[in-house]
Amino acid sequence: MRVALTYNLIRSYMFRTGPLDRFAEYDSQETIAALVAAIEAGGHEITPLEADECIAEKLKAARPDIVFNIAEGLRGESRESHVPAICEMLGLPYTGSGPLTLALCLNKARTKEILTLYGIPTAPFQVFRSPHDALDSRLRWPLIVKLLHEGSSMGLSEHSVVDDEAALREQVAYLTQTYGEPCIVEEYIVGREFTVGVLGGNGTPRVLPIIEVRFKKARGIVLFEPDAPVIPLILQERGTDPEVEHVLHAANHHAICPADIDDELAQRIQDTAIRAFGALGCRDWCRMEMRQGSDNQLYVLELNPIAGIDPTYWLPRAARVAGLSYAEFVNEILGYALVRTGLA
Ligand SMILES: Nc1ncnc2c1ncn2[C@@H]1O[C@H](COP(=O)(O)OP(=O)(O)OP(=O)(O)O)[C@@H](O)[C@H]1O
Ligand SMILES: [Mg+2]
């Protein structure tokens, strides 16, 4: 097959000014090279295409049989849906979820509304457009303040979990001013955190070995990945900046896969993952997080239908625990899309 790989590349100049995590979701040259090698290993011919403003022209010129899409999008609250929408417009099959699912999953509030509709527990929440919005008094402290439509832990820091209204409003003011977008404020679930990869979706999806994220401190949250491939670029631009040191040292978690859990909990995590994958209409691949509350219930935090796919990231690592090499994992995703679109 002739496969086009669509992506958004991270570049060192992006870190010259502004918050370090502003472009954290974009991919590095190393990730693209690993994917190219993996897709070639599957016996395909591959054309890497940067998903910039000219991507429609590039796709028309390349005329691939299928697009392997990991593009996070350039701008806008539905930016992850742009490349799949263009593929649909051009009549090109592509891997992964469609524009509607990608737009919904990028908005944490919409995701949670849909999960709730399907009876899948998720932490109670409220959207804040301004630090002066009235607080819903039904929410129970502590709360966590996040950006409404971001991923890659963007906007999260040791100030994200708050215990009182003054701290909450300060964090909402900081995020809305710095990133220019609304916040989601939700109940902070105290308990174990699990990350779950799901593959497939043409039939019953396949749940990869469950990852538990362990924190060094109480009330931990997943912050910047200490070994993310973007870190050399950040150091190149801002290596002498004290903020860099602070952010890189803030990472306080590590992952264990397979998680050390009993069969009953594993089964519940798998069932929840499959239900959430279906509720949001995900296809081919997704990574999601959930926490086990003090009431023993599993609360889904969010879904990442274009999860980080660098070989060092959690999803490929969980695939490896399941016995899949990186190339096998990537070609399994491609294979689901080929079957779904009638190409295989
Ligand atoms: N309601 C919550 N209760 C407890 N912890 C939370 C909650 N929401 C978020 N967190 C913590 O913050 C981390 C990041 O939150 P979330 O997954 O919503 O953001 P993200 O930036 O989209 O993540 P990703 O890096 O997976 O794209 C979670 O992995 C978890 O550790
Ligand atoms: Mg997350």
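Residues numbered from 1 in each chain as written. Chains lettered and ligands numbered in written order. Predicted model: local features only at pLDDT ≥ 70, side-chain atom pairs only at ≥ 80, totals over all residues. Heavy atoms only, no water.

What to know about the overall build of the protein chain
As a reminder of what qualifies: By the criteria applied, helices consist of DSSP H or I runs no shorter than four residues and strands consist of E runs no shorter than two, each listed in order from the N terminus. Each radius of gyration reported is based on C-alpha atoms, and the globular scaling rule is 2.2 Å times the count of residues to the power 0.38. Partly exposed describes any residue whose relative accessible area lies between the buried limit of under 20% and the exposed limit of over 50%, with all areas from a 1.4 Å probe on protein chains only and scaled to the type maximum. The contact criterion used throughout is that any non-hydrogen atoms of two residues lie within 4.5 Å. Residue-level accessible areas treat just the shown protein chains as cover; the underlying method is Shrake-Rupley with a 1.4 Å probe. Neither His nor the chain ends is counted toward charge; the positive residues are Lys and Arg and the negative residues Asp and Glu. Working definition for charges: the position is that of NZ of Lys, CZ of Arg, CG of Asp or CD of Glu.
Counting its secondary structure elements, the protein chain contains 11 helices and 13 strands. Its C-alpha atoms give the protein chain a radius of gyration of 20 Å, near enough to 20 Å, the size a compact globule of 344 residues would have. Along the first, second and third principal axes, the C-alpha set of the protein chain runs to 55 × 50 × 35 Å. Counting over 344 residues, the protein chain shows a buried share of 57%. In the protein chain, once contacts between residues fewer than 6 apart in sequence are set aside, the share between residues at least 24 apart is 72%. Summing over all exposed atoms, the protein chain offers an accessible surface of approximately 14,600 Å²; the carbon and sulfur share of this is 53%. Side-chain charges in the protein chain split into 32 positive and 47 negative, and the spacing between the mean points of these groups amounts to 2 Å.

Some remarks on the coordination of the magnesium ion (ligand 2)
Put simply, a metal with four donors set out as a tetrahedron has ideal angles of 109.5 degrees, and one with six donors set out as an octahedron has ideal angles of 90 or 180 degrees. Threshold: Donor selection uses N, O and S atoms within 2.8 Å of the metal (3.2 Å for Na, K and Ca). Since no water is included, sites may look incomplete.
All of the protein donors around the magnesium ion (ligand 2) are Glu289 (OE) and Glu302 (OE); their distances to the metal are 1.9 to 2.0 Å. Linking Glu289 in strand E12 (residues 284-292) with Glu302 in strand E13 (residues 298-304), this pair joins segments that are 13 residues apart in sequence. We classify Glu289 as buried; its relative accessible area is 9%. Its relative accessible area of 10% is what places Glu302 among the buried residues.

Some points on the side chain of Thr272
Test applied: For this analysis, a polar contact is any N or O atom pair within 3.5 Å, provided that within protein one partner can donate a hydrogen and the other can accept it, and provided that sequence-adjacent residues contribute only side-chain to side-chain pairs.
The residue Thr272 is located in helix H9 (residues 263-279) in this model. In terms of polar contacts, Thr272 uses its side chain to reach the backbone carbonyl oxygen of Arg268, at 2.7 Å. Those residues in contact with Thr272 that sit more than four places away from it in its chain are Ile120, Met290, Leu298 and Val300.

Some thoughts on the site of ligand 1
Put simply, the rule is: If a single non-hydrogen atom of a residue is within 4 Å of a molecule or strand, that residue counts as near it. Each residue gets one label: Ala, Val, Leu, Ile, Met, Phe, Trp, Tyr, Cys and Pro are nonpolar, Asp, Glu, Lys and Arg are charged, and the others, such as Gly, are polar. Boundaries of every domain are those given by an automatic assignment or by a domain database.
Around ligand 1, a shell composed of 24 residues is seen, among which Lys108, Lys146, Ser153, Glu193 and Arg287 lie nearest. Glu186 places a polar side-chain atom, nitrogen or oxygen, 2.7 Å from a nitrogen atom of ligand 1. Here a nitrogen atom of ligand 1 sits 2.8 Å away from a polar atom, N or O, in the main chain of Ile189. Of all the secondary-structure elements, those providing two or more residues to the shell around ligand 1 are strand E5 (143-147), strand E7 (183-187), E12 and E13. Within the shell around ligand 1, the residues separate by chemical class into 10 nonpolar, four polar and 10 charged. Shared between two domains, the shell around ligand 1 takes at least three residues from each, and those domains are domain 1 (2-120 + 190-340) and domain 2 (125-187).

Some points on the domain arrangement of the protein chain
Defined as follows: Buried area is a sum: the accessible area each of two parts loses on coming together, probed at 1.4 Å, counted once for each and added.
Partitioning the protein chain into structural domains gives domain 1 (2-120 + 190-340) and domain 2 (125-187). Using C-alpha coordinates to define each centre, domain 1 is positioned 23 Å away from domain 2. The interface is formed by 21 residues belonging to domain 1 together with 23 residues belonging to domain 2. Taken together, the two surfaces of domain 1 and domain 2 that pack against each other cover about 2,000 Å², and 54% of this comes from carbon and sulfur.

A word on the state of the cysteines
Short version of the rule: Note that a disulfide, as used here, is simply two cysteine sulfur atoms within 2.5 Å.
For the structure on display, the rule yields zero disulfides. Not engaged in a disulfide, the cysteine Cys105 finds its nearest cysteine sulfur in Cys282; these two sulfurs lie 4.7 Å apart. Classification of Cys282 as buried rests on a relative accessible area of 7%.

What about unusual backbone geometry?
Residue Pro142 is reached from Trp141 by a cis peptide bond, and omega for that bond is -5°. Residue placement: Pro142 occurs in the loop between strand E4 (125-128) and E5. With an omega of 0°, the peptide bond between Cys257 and Pro258 qualifies as cis. Looking at the secondary structure, you find Pro258 in the loop between strand E11 (253-256) and H9. Unusually for a residue other than glycine, Arg63 sits at a positive phi of about 40°. Note that Arg63 resides in the loop between helix H2 (55-62) and strand E3 (66-69). Even without a glycine there, the phi angle at Asn296 is positive, about 75°. In this structure, Asn296 sits in the loop between E12 and E13. For Asn296, a relative accessible area of 39% puts it in the partly exposed group.

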